[in-house]
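What follows is the residue order along each chain.
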Amino acid sequence: AQQIDDEDTLIHALNNIGTAEFDAGDPDSDPQLRRSLELALAAGFHEHAARAYTNLGCELLIADRHAGADAVLDQGVAYCVEHDLASWEIYMTSWQARSALEQADFVGAERAAQAVLDRHSTPPSTITALVVIALLRARRGDPDPHTPLEQAQVLADGTGERQRLEPVARARAELRW
């Protein structure tokens, strides 16, 4: 992509490479994702920018780098609102809910998760929000943490994707514990 000056492909490739490196355990792979984001913003490629915000924010959160993840997700949500990219906005909002939960901000977690559920979004966003709601109920001692988790399980099973199944399995383990 660099050799033929194909910026669109370069942005997409940097995002893929950075995400794959993060997933392979390289904690210093965010420069690839940040470069993808920077190039997408400069070129006005809104979908590429939304994808870069999403992958960077999610990977930082998975790496327990909450401050960085929160900043990226906040910027990404604002960007998506500004550019009418609702699906990306909702997905990042579900991850904001997860981040808030991981930081014991139960009010923020519930508010973000409920915002996702109120929008009747795609399964990946809904799964994350339902897992957050289930764990909130369990951690606060609220009634019925199992119903949202069962709903998340059905959706996760329908995707067949490890990245959707794993959070539900972890939440099930926590509820049993």
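None of these values were measured; they are calculated from a predicted model.

Draft legend 1. Expanded view of the overall build of the chain. What the chain contains, in helices and strands, is nine helices and zero strands. Ordered by position from the N terminus, the helices and strands of the chain form the series α-α-α-α-α-α-α-α-α. The C-alpha radius of gyration computed for the chain amounts to 17 Å, which stays within 12% of the reference 16 Å derived for 177 residues, consistent with globular compactness. Expressed as a percentage of its 177 residues, the buried residues of the chain come to 45%. Within the chain, residue pairs in contact and separated by at least 24 positions form 53% of the contacts whose partners lie at least 6 positions apart. About 9100 Å² of surface is accessible on the chain, with carbon and sulfur atoms providing 52% of the total. The averaged location of the 29 negative side-chain charges in the chain is 7 Å from the averaged location of its 15 positive side-chain charges.

Draft legend 2. Up close: the side chain of Thr93. Mapped onto the elements, Thr93 comes out in helix H5 (residues 86-102). Leave out the neighbours within four places in its chain, and Thr93 touches Val77, Ala112 and Val116.

Draft legend 3. Looking closely at helix H3 (residues 46-62). Counted at 1.5 Å a residue, the expected span for H3 with its 17 residues is 24 Å, and the 24 Å between its end C-alpha atoms agrees. Most of H3 is tucked away, with 14 of its 17 residues classed as buried. Directly beyond the C-terminal end of H3, a positive phi value near 60° is found at Asp64.

Draft legend 4. Structural context of the pattern of salt bridges. Tallied over the entire structure, the rule returns ten salt bridges. Salt-bridge contacts for Glu102 lead to Arg98; the nearest nitrogen and oxygen are separated by 3.0 Å. Taken together, the residues span about one helical turn, with Glu102 and Arg98 both in helix H5 at a distance of four residues. Accessibility expressed as a relative area gives 16% for Arg98, which makes it buried.

Basis of the calculations
- Residue positions within a chain follow its written sequence, with the count starting from 1.
- Since the coordinates come from a predicted model, pLDDT governs what is reported: local features require at least 70, and pairs of side-chain atoms require 80 or more to be given and counted, while whole-chain, interface and lining totals use all residues.
- The basis for every side-chain value is the complete set of heavy atoms in the structure, and neither hydrogens nor water enter the calculation.
- Numbering of helices and strands starts at the N terminus; helices are DSSP runs of H or I of at least 4 residues and strands are runs of E of at least 2.
- Two things to know: the radius of gyration comes from C-alpha atoms, and the globule rule equals 2.2 Å times the number of residues to the power 0.38.
- Each residue's exposure class comes from its accessible area (1.4 Å probe, protein chains only) as a fraction of the maximum for that residue type: buried when under 20%, exposed when over 50%, partly exposed otherwise.
- Contact definition: two residues touch when any of their heavy atoms are within 4.5 Å.
- Surface accessibility in these figures is a Shrake-Rupley result with a 1.4 Å probe; residues are shielded only by whichever protein chains are displayed.
- In this tally, Lys and Arg are treated as positive and Asp and Glu as negative; His is ignored, and so are the chain termini.
- A single reference atom marks each charge: NZ on Lys, CZ on Arg, CG on Asp, CD on Glu.
- How far a helix is expected to stretch is found by multiplying one less than its residue total by 1.5 Å.
- For salt bridges, the criterion is a side-chain nitrogen of Lys or Arg within 4 Å of an Asp or Glu carboxyl oxygen.

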